[in-house]
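Reading the structure
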Amino acid sequence: EKQGKEDDFQELFAQYVPKEVERINRLINMLINYTRPIRNNKERVSISDLIDEFTYFAQISTTNSEKINFKTDVVVEAYIYVNRDQIKQAFINLIMNSIQSVEEKLSSNENEFSDGLVICVSSYRLNKQICIEVYDEGSGMTDADIEKCIEPFFSTKAKGLGMGLALTKQFINQNSGKIEFESRKNEFTAIRVVFEEDIG
């Protein structure tokens, strides 16, 4: 009986631990890239590649992945001409904010959302421009929060200085993009970032 339990444990250990080690290694490598100095050069960036990169980072960063339903909806394959490092960091900031908002809502109403909550990243054309949208079913913001949320040091969260969204707006502006917020308290937040398409 005891030997059987040990065998089961060793089998589970062999199955799961290497996967977790690999996941942690990938996360560490991505964090190293995320915190390295940002280059100044601009380049032609694929929308679908960009979305793959920052949503992957988000998925391996969260500890609550079974309750967060990540979705992507890349309607068009298009390119933008931007500083890849700045824009990737801007979207990582946005999606990490979404994760925190969803986790906050899940922790306060754990039994109510048994099927989890959605974070969806989509891209589409909007008036001959390219729009990337980060939508979440998190705790949402009031109109007053939206006005303040891109000011440095403002945060609706109990922890953190709230520099993420101010820096995000700065990076997007430096790359000729526009950022728009739509949110309802306790319902959702949708953040749309609009760029000129690089026809090439």
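Refer to the structure presented above.
Since the structure is predicted, the reported quantities are computational estimates derived from the model, not experimental observations.

Analysis parameters
Numbers given for residues are sequential positions, taken from 1 along each chain in its written order. The predicted nature of this model means local features are confined to residues of pLDDT at least 70 and side-chain atom pairs, given and counted, to a pLDDT of 80 or more, with totals for whole chains, interfaces and linings taken over all residues. The basis for the side-chain values is all heavy atoms of the structure; hydrogens and waters are excluded. Think of a salt bridge as a Lys or Arg side-chain nitrogen and an Asp or Glu carboxyl oxygen that are within 4 Å of each other. Every helix listed is a DSSP run of H or I at least four residues long, and every strand listed is a run of E at least two residues long, numbered separately from the N terminus. Residue burial is assigned from relative accessible area. The probe radius is 1.4 Å, only protein chains are included, and a residue is buried under 20% of its type maximum, exposed over 50%, and partly exposed in between. Two residues qualify as a contact provided that any one of their heavy atoms is within 4.5 Å of a heavy atom in the partner residue. The definition of a nonpolar core used throughout is a set of buried Ala, Val, Leu, Ile, Met, Phe, Trp, Tyr and Cys residues joined through side-chain atoms within 4.5 Å.

Observations concerning the pattern of salt bridges
One pass over the structure, following the stated rule, counts nine salt bridges. In this structure, arginine 44 and aspartate 198 form a salt bridge, with 2.8 Å as the shortest nitrogen-oxygen distance. One end of the pair, arginine 44, is in strand β1 (residues 43-46); the other, aspartate 198, is in the segment after β7 (188-196), with 154 residues separating them in the sequence. A salt bridge links glutamate 197 to arginine 125; the shortest N-O distance between them is 2.9 Å. In this pair, glutamate 197 is assigned in the segment after β7 and arginine 125 in strand β4 (residues 117-126), connecting sequence segments 72 residues apart. The class of arginine 125 is partly exposed, set by a relative accessible area of 42%. Residues joined in a network through salt bridges with shared partners are Glu43, Glu53, Arg84 and Lys88.

Points about the side chain of asparagine 175
With respect to the helices and strands, asparagine 175 occurs in the loop between α5 (163-174) and β6 (178-184). For asparagine 175, a relative accessible area of 3% corresponds to the buried category. If we ignore the near neighbours within four places in the chain, the residues touching asparagine 175 are Lys42, Val82, Asn83, Gln86, Ile87 and Phe195.

Focus: the nonpolar core
Grouped together as the largest cluster of nonpolar side chains are 40 residues, with contacts concentrated most on Phe54, Phe91, Leu94, Ile132, Phe181 and Phe195. Of all the elements, helix α3 (residues 84-108) adds the most residues to this core, at nine residues.

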